[in-house]
Amino acid sequence: MSHLIPEAQERLAKLRSLLAEEEREVRARADALLVDKTPKELEASGVLLRKARVADVSAALFGRVRVVVGDDASRPGHVDRFDVRPGAVVSIIERDDDGRMQAVADGIVARRKRGSIEIVFESSEQVADADESIDVLLAFDEVTLRRMRDGLDESARVEGRGARLVEMILGAVAPRPTRMPHDRVPHFLDAALNDDQRIA
């Protein structure tokens, strides 16, 4: 049961429907990038990094794994053509028996330097089968959308003063000024302030 006023609940519902629409649009755009394209065409368009050399695999915070990939010696500069930036979601992909690309692990680009990309994965199991080289595909950003959905769900469950804050952030109620005891007159450091400046 929500502790928010009805207007705030309506605004949260509207935000949920907008987020669902955004998710459909992002999925459609991601799918359109892959339809009827060869791996070479995907690589040329900057959404696929083929045969990236695994330069380092190390532990990261909270049990995550950091994988650094770099240029294949036979194709210098190909990592720089992969069109990703920090925060982008990527997938390690492999080919199934029919030759179709299958995502086997999702990670987030943590850092990008000339000739190398650092990707963080949730666990070592995700990259246990990584060979000396891997194929990486720019992926649909499920992580950001999931966090936004979780934030909306948490906002709907909040109680007490937190609920009042959510209502104010959503614009369902106007902010109220903080009350000051009448016996406490504010002391202004700058005596040259005029009345309007002191009120502000």
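This section reports on the structure supplied with the text. What you are looking at is a predicted structure, and each value in this text was computed from that prediction instead of being measured. (Residues numbered from 1 in each chain as written. Predicted model: local features only at pLDDT ≥ 70, side-chain atom pairs only at ≥ 80, totals over all residues. Heavy atoms only, no water.)

## As for the overall build of the protein chain
- Check the secondary structure of the protein chain and you find 5 helices and 6 strands.
- Counted from the first residue to the last, the protein chain has its helices and strands arranged as α-α-β-β-β-β-β-β-α-α-α.
- The C-alpha atoms of the protein chain give 25 Å as radius of gyration, which overshoots the globular expectation for 200 residues (16 Å, by more than 25%).
- Seen along its three principal axes, the alpha-carbon backbone of the protein chain occupies a region of about 75 × 45 × 30 Å.
- Within the protein chain, the proportion of its 200 residues that are buried is 30%.
- Accessible surface, the protein chain as shown: approximately 14,000 Å² in total, 52% of it carbon and sulfur.
- Taking the average place of the 32 positive charges on the side chains of the protein chain and the average place of its 38 negative ones, the gap between the two points comes to 4 Å. (Helix = DSSP H or I, 4+ residues; strand = E, 2+ residues; numbered from the N terminus. Rg over C-alpha atoms; globule rule 2.2 N^0.38 Å. Buried < 20%, exposed > 50% of the residue type's maximum accessible area, 1.4 Å probe, protein only. Areas by Shrake-Rupley, 256 points an atom, 1.4 Å probe, with all protein chains shown as cover. Lys, Arg positive; Asp, Glu negative; His and termini not counted. Charge placed at Lys NZ, Arg CZ, Asp CG, Glu CD.)

## Considerations on the layout of surface pockets
- A volume near 990 Å³ is recorded for the largest pocket.
- What lines the largest pocket is a set of 39 residues, among which Val-89, Leu-138, Ala-139, Phe-140 and Asp-141 lie closest to the centre.
- Counting only elements with at least two residues in the lining of the largest pocket, the list comes to helix H1 (6-34), strand E3 (89-95), strand E4 (101-113), strand E5 (116-121), strand E6 (133-138) and helix H3 (142-157).
- Considering each element in turn, the lining of the largest pocket owes the most residues, 7 residues, to H1.
- The residue inventory of the lining of the largest pocket, partitioned by class, reads 20 nonpolar, 5 polar and 14 charged.
- Empty space within the second largest pocket amounts to approximately 340 Å³.
- Considering the residues around the second largest pocket, the lining is formed by 11 residues, among which Arg-164, Leu-165, Met-168, Pro-175 and Arg-176 are closest to the centre. (1 Å grid on protein atoms, 1.4 Å probe; cavity = no way out; pocket = protein on both sides within 12 Å on 5 of 7 lines; lining within 4 Å. Points joined across faces, edges and corners; volume = space filled by probe spheres on them. Nonpolar A, V, L, I, M, F, W, Y, C, P; charged D, E, K, R; others polar.)

## Regarding the pairing of E5
- Taking burial as the measure, the 6 residues of E5 include 6 buried ones, the bulk of the element.
- Where burial is concerned, the two faces of E5 agree: the one with Ser-116, Glu-118 and Val-120 and the one with Ile-117, Ile-119 and Phe-121 are both buried.
- Inspection of the sheet shows strand E2 (residues 65-70) paired to E5 by 6 bridges, in the antiparallel sense. Counterpart to Arg-66 in the pairing with E5 is Val-120.
- Where E4 folds back on E5, the antiparallel hairpin that results is connected by 2 residues, among which Gly-115 adopts a positive phi of roughly 85°. (Pairing = 2+ DSSP bridges.)

## Observations regarding the pattern of salt bridges
- The final tally for this structure, using the stated rule, is 13 salt bridges.
- Of the charged contacts in the structure, one is a salt bridge between Asp-153 and Arg-16, with a shortest N-O distance of 3.5 Å. In this pair, Asp-153 sits in helix H3 while Arg-16 sits in helix H1, placing the two residues 137 residues apart along the sequence.
- Given the relative accessible area of 33%, Arg-16 is considered partly exposed.
- Taken together, the salt bridges that share partners define one network made up of Glu-23, Arg-27 and Arg-149. (Salt bridge = Lys/Arg side-chain N within 4 Å of Asp/Glu carboxyl O.)

## Observations concerning the packing of H1 against H3
- Close contact between H1 and H3 brings their axes to 11 Å; oriented N to C, the two are set at 170°. One way to sum up the angle between H1 and H3 is to call them roughly antiparallel. Taking contact as the criterion, the partners of Leu-12, Leu-15, Arg-16, Leu-19, Glu-22, Glu-23 and Arg-27 in H1 are, on H3, Glu-142, Leu-145, Met-148, Arg-149, Leu-152, Asp-153, Ser-155 and Ala-156.
- Of the residues that constitute the contact of H1 with H3, the class distribution is 7 nonpolar, 1 polar and 7 charged. (Axes fitted to C-alpha atoms, helices over the stretch in contact; angles between N-to-C directions. Parallel < 35°, antiparallel > 145°, perpendicular 65-115°, else oblique. Contact = heavy atoms within 4.5 Å.)

## With respect to the nonpolar core
- By size, the foremost hydrophobic cluster in this structure holds 20 residues, and its most contacted members are Leu-49, Val-69 and Ile-117.
- For this core, the secondary structure elements donating two or more residues are strand E1 (48-59), E2, E3, E4, E5 and E6.
- Leu-4, Ala-8, Leu-145 and Ala-163 belong to the second largest nonpolar core, which has 14 residues in total. (Core = buried A, V, L, I, M, F, W, Y, C linked by side-chain atoms within 4.5 Å.)

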